[in-house]
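Coordinates in review
What follows is the residue order along each chain.
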Amino acid sequence: MSDKAEGKIIKVSGPLVVAVDLEGTKMHEVVRLGRQRLFGEVIEIRSDKYSIQVYEQTEGLGPGDPVVRTEMPLTVELGPGMIGTIFDGIQRPLEKIMGRAGNFISRGVDIPALDRDKKWHFVPDAAEGDVVSAGEIVGHVDETQAITHKIMVPSGIEGRITSIEEKNATIEETVAVIEGESGAHHLKMLQRWPVREARPVAERIPPTEPLVTGQRVLATLFPIAKGGTACVPGPFGSGKTVVQHQLAKWANAEFIVYVGCGERGNEMTDVLLEFPQLKDPRTGRPLFERTVLVANTSNMPVAAREASIFTGIAMAEYFRDMGYNVAVMADSTSRWAEALREISGRLEEMPGEEGYPAYLGSSIAGFYERAGKVTCLGSDRRQGSISLIGAVRPPGGDMSDPVVQATLRVVRAFWGLDDRLASERHFPAISWLTSYSLYTREIDKHVSQTIGPEWQRNRTEASALLQREDELQEMVRLVGMEALSDSDRLTLQTAKMIREDFLQQNAFMDEDTYTSLEKQFKMLNLIIHYHHKSREALEAGADIDSLTSLPVLERIARAKLLPEDKLEEFDSILKEIQEQTAETHISKKEYPNSTRNPKSK
Ligand code: ADP
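Calculation notes
Residues numbered from 1 in each chain as written. Predicted model: local features only at pLDDT ≥ 70, side-chain atom pairs only at ≥ 80, totals over all residues. Heavy atoms only, no water. Pairing = 2+ DSSP bridges. Helix = DSSP H or I, 4+ residues; strand = E, 2+ residues; numbered from the N terminus. Axes fitted to C-alpha atoms, helices over the stretch in contact; angles between N-to-C directions. Parallel < 35°, antiparallel > 145°, perpendicular 65-115°, else oblique. Left-handed = near helix turned anticlockwise from the far one by under 90°. Contact = heavy atoms within 4.5 Å. Nonpolar A, V, L, I, M, F, W, Y, C, P; charged D, E, K, R; others polar. Near = heavy atom within 4 Å. Polar contact = N/O pair within 3.5 Å; in protein donor to acceptor, adjacent residues only side chain to side chain. Areas by Shrake-Rupley, 256 points an atom, 1.4 Å probe, with all protein chains shown as cover. Domains from an automatic or database assignment. Salt bridge = Lys/Arg side-chain N within 4 Å of Asp/Glu carboxyl O. Buried < 20%, exposed > 50% of the residue type's maximum accessible area, 1.4 Å probe, protein only. Patch = residues over 30% accessible without salt bridge, like charges linked within 9 Å, V, L, I, M, F, W, Y side chains within 5 Å. Lys, Arg positive; Asp, Glu negative; His and termini not counted. Charge placed at Lys NZ, Arg CZ, Asp CG, Glu CD. Buried area = accessible area lost by both parts, 1.4 Å probe. Phe/Tyr/Trp six-rings, centres within 6.5 Å; stacked < 30°, edge-to-face > 60°.

The side chains of a regular strand alternate, first on one face of the sheet and then on the other. Direction of pairing for strand S11 (residues 137–142) relative to strand S12 (residues 148–152): antiparallel, over a ladder of 5 bridges. Bridge pairing links His 140 to Lys 150 in S12. Where S11 folds back onto S12 in an antiparallel hairpin, the turn is made up of 5 residues.

Take the sheet that holds strand S2 (residues 16–20) next. Ordered by their spatial adjacency, 6 strands build a closed barrel running S1-S2-S5-S4-S3-S6, and the pairing between neighbours is antiparallel. Between one strand and the next, the sheet's axes are offset by a mean angle of 45°, whatever the strand orientation. The pairing of strand S4 (residues 38–46) with strand S5 (residues 49–54) spans 6 bridges and is classified as antiparallel. Bridge pairing in S5 links Gly 40 to Val 54.

When two helices pack together, their arrangement is given by the angle between the helix axes and the distance between those axes. Running from N to C, helix H5 (residues 302–321) and helix H6 (residues 333–346) point in directions that differ by 130°, and their axes come no closer than 8 Å. The orientation of H5 with respect to H6, classified from their angle, is oblique. Like other packed secondary-structure pairs, H5 and H6 cross with a definite hand, here left-handed. In this structure, H5 contributes Val 302, Ala 303, Arg 305, Glu 306, Ile 309 and Phe 310 to the contact, and H6 contributes Thr 333, Arg 335, Trp 336, Glu 338, Ala 339, Leu 340, Glu 342 and Ile 343. Taken together, the residues of the contact of H5 with H6 break down into 8 nonpolar, 1 polar and 5 charged.

For the ligand, the set of nearby residues contains 14 residues, the closest of which are Gly 237, Gly 239, Lys 240, Thr 241 and Val 242. Note that an oxygen atom of the ligand is positioned 2.9 Å from one of the backbone N or O atoms of Lys 240. Bound to the protein, the ligand loses 75% of the 560 Å² it would expose on its own. For the shell around the ligand, the per-class residue count stands at 6 nonpolar, 6 polar and 2 charged. The residues that make up the shell around the ligand include at least three from each of domain 3 (203–437) and domain 4 (454–600).

The 4 strands lie next to each other as S10-S13-S15-S16, forming an open sheet whose pairing is antiparallel. Unpaired on one side and paired on the other, strand S10 (131–132) and strand S16 (183–188) mark the two borders of the sheet. Relative to strand S13 (residues 159–164), S10 runs antiparallel, the two being bridged by 2 bridges. Paired with Val 132 across the strands is Gly 159, a residue of S13.

The next point concerns the pattern of salt bridges. Applying the stated rule across the entire model yields 37 salt bridges. Ionic pairing is found between Glu 500 and Lys 496, a salt bridge with its closest N-O pair at 3.7 Å. You can see Glu 500 and its partner Lys 496 sitting in helix H12 (residues 486–503), 4 residues apart, about one turn around the helix. The exposure class of Lys 496 is partly exposed, given its relative accessible area of 38%.

Next up on the list: the side chain of Gln 53. As for its position among the elements, Gln 53 is in strand S5. In this structure the side chain of Gln 53 is engaged in a polar contact, spanning 3.1 Å, whose partner is the side chain of Glu 306.

Moving on: a negative patch on the surface. Together, Glu 518, Glu 564, Asp 565, Glu 568 and Asp 571 give the surface a local cluster of negative charge. For Asp 571, the position within the fold is in helix H16 (residues 569–590). The exposure class assigned to Asp 571 is partly exposed, which follows from its relative accessible area of 45%.

Parsing the chain into structural domains produces domain 1 (5–73), domain 2 (115–189), domain 3 (203–437) and domain 4 (454–600). Centre-to-centre, using C-alpha coordinates, domain 3 lies 35 Å away from domain 4. In this complex, domain 3 contributes 18 residues to the contact, which on the side of domain 4 involves 23 residues. Across the interface of domain 3 and domain 4, roughly 2,000 Å² is buried in total on both sides, 61% from carbon and sulfur atoms. Sorting the residues of domain 3 by area buried against domain 4 places Arg 216, Thr 220 and Trp 432 first, and these three jointly supply 38% of that buried surface. For the interface between domain 3 and domain 4, the tally reads 1 salt bridge. Linking Arg 216 and Asp 512 is a salt bridge whose minimum nitrogen-to-oxygen distance equals 2.9 Å.

Moving on, we get to the packing of aromatic side chains. Using the criterion set out here, one finds 7 aromatic pairs in the structure. Relative to Tyr 514, the ring of Trp 250 has its centre 4.8 Å away and its plane inclined at 35°; by these criteria the two rings are tilted. Separated by 264 residues along the polypeptide, Trp 250 in helix H3 (residues 240–250) and Tyr 514 in the loop between H12 and helix H13 (517–539) bring together distant segments of the chain. In this pair, the class of Trp 250 matches that of Tyr 514, namely buried.

A cluster of nonpolar side chains, namely Met 475, Leu 478 and Val 479, defines an oily patch on the protein surface of about 300 Å² accessible area. Mapped onto the fold, Met 475 is located in helix H11 (residues 454–479). Met 475 gets classed as partly exposed once you look at its relative accessible area, which sits at 32%.

Where the residue is not glycine, phi is negative for most of them; where a peptide bond is considered, it is trans in most cases. Note that the residue after Asp 331, namely Ser 332, is joined by a cis bond; omega there is -10°. Relative to the assigned elements, Ser 332 resides in the loop between strand S22 (325–331) and H6. Cis geometry is found at the peptide bond from Phe 427 to Pro 428, where omega equals -10°. Within the secondary structure, Pro 428 is located in the loop between helix H9 (419–423) and strand S26 (436–437). For Arg 381, which is not glycine, the phi torsion reads 55° and is therefore positive. Summarising the element assignment, Arg 381 is placed in the loop between strand S23 (372–375) and strand S24 (383–392).

Structure follows, in C-alpha cells:
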C-alpha cells in the first residue's frame, strides 16, 4: 500500500479525525492512520476535508500524521473459519488480537479475520462443464458437526467450470476455475463483502412461517416469523439474557449471529464467557458450532461499535445465502445508537431529538430491513432467512426514548420485558399487556393447517381474558372483590391459570424449557375448555367457589410437565374437566339449598 497517495491529519477529536490531501477518496473507504496504521473509515467529505471515524483508540495520533488509502470499503471476510469465532466490531478475531497484547487490544494489528493456514476439506457439488453464476453452490466444507459451509460463486462471476476437484485447501487456494467472458476466475473459498451493502438475493418472500421458539408466551401470543423482526427492551435483571439464550438454543434457526454492544465493561465479558459454554439442547454439542459472535466491550471505541452491527448482519446474510435460517440478536441497539450520536456530534451535524442525528430513524430502519425471508441466488431456488431480534435499553427504562420509538416504527413484534413481573418471579417476564406481534395473522394461517382453527380461537380468547383481568383487577382495587359477579370471578380464575399454568415457563427445567406448538395448543386448550365448561356450569346454577377449587385444576397446573411423547394424557384431563364441572351443577340441582345462589352474571 506504500504507493498509495498519502493524506495528512489536521485534527483529532476523540474517535473522529479530519484529514486533507486525500483527493479521490470515496465515502466509506477504509484508510489507515498514523504510524500505528489505525483503522478508520471516511464518513464525511466536505470540499477538501475528510472526516474519518477511527475504529481504535486515537491516543498518540496528532496533526501532521499520515493517512493512507486502502481503496476499499469496510468489508468482511467470508469463508470457512468463521463459525465459533468471536470477532470485534470490524471483524478482527478477538482472541488473537487480545492474545498478542495480553488482555488489551493492540492497535493497528493486521490479523486477518479468517485463518490463512488452516486446511479445509473441499468437496465439489458441481462438475466440470457446469455453467454457473453468482450464488451457485459449487462445493462444501463440513466446517462443524452442525453446519455445512456451502461454497458459493461470488458476486460478478459467471461462466463455465473448467476445473474443480475434491481437496484439502486453505481459503486462499484455488478450488475451482470458472471461464467466463472476462477470462478465467480462480475460485477460492475466501470471499469479501462490503458490510454496509445488503447482499443481493433473487427475491424477497413475505415472512409467514413461524420461527418456532418453544417459548409459550412468544409462540402462542406474540410470535415472530422466520425472517421477521422483534424488539425487546431489557431492564437489568428482567430476564433478557435468559430469553436470548432460549432463542439461541431452541429457535428453529440453524445459525445464530450474536452482536453484543456492551453497556458495562464486565457485561460483555459475561457474554463472551457464557455463550461459548451453551450447549445445543438437541444435540448436546456446543452451540458455538453454529454461532458467530461479534463483541464490543464498552471500552472499545464507539466507531467500532457503530460498525459492529453491520459486520454482524453481513455475516448473517452470507449464511442465509447458503439457504440457512439465521437468527441475529443485537444487544443492545441503544448502545449502537449512542455511538451514532457521539460521532454525529463530533461531525457537528444538526442534532435531532435528544441529540441523536436526524437520520437515526433511517439508520435503524436500514438495519432491520436486512432481515427477511428470501429466495437466494443460485439455480436451486433455495430459501434462507434472517430473523432479527434487537434489544433496546433506553435510559431509565423510558420507552419514549427516540431509539425505542424509531425501532418500534420498523419492527413487527415487541416483547415487553417487564421488571415488575421479574420481581414477582413471573418468567419469562414478557408482559402480555404491552407486547404485540403483527405476524399473528399470517402465522395463524400457517399453524392452523397442522393444528386446526381452534389455535387462533383459543389465543384470541386467552388474550381477551388477560385484558379483561387487568380491568377487573382495577375494579377490585377500587371497590373490592365483593363487587364482582361470579362470571367476573371466573374470568379472574381463568386468567390466573393462563398466567401461571401457561405463560410462566421455567427455562431451567428440562420438562418445561421447550414446548412444541402442539403441546402449547393442548395446554391452552385445557384452560379455555375449563373456562367454557365452568361458564356453562355457572349458568346452570353452579357455585363459583366449587369451580375454583376443582381437583382437576391441579392436573391442569401440572400439564406443562407432561413429556412431549405423552400428549394423549391431555384428553383424559379434558374429560375430567368435563366431568368435574358438570358435577358442580348436578349436585346443585340435587341439593338446591346446599350452596349459595350465584350472583348476577
Ligand atoms: P438480565 O439479562 O435481564 O439482566 P437474566 O436473563 O440474567 O437478566 O435473568 C435474571 C434471572 O432471572 C436469572 O438468573 C434467572 O434466575 C431468572 N430467570 C429469567 N428468566 C427465567 C426463566 N425463563 N425461567 C426461570 N428463571 C428465569
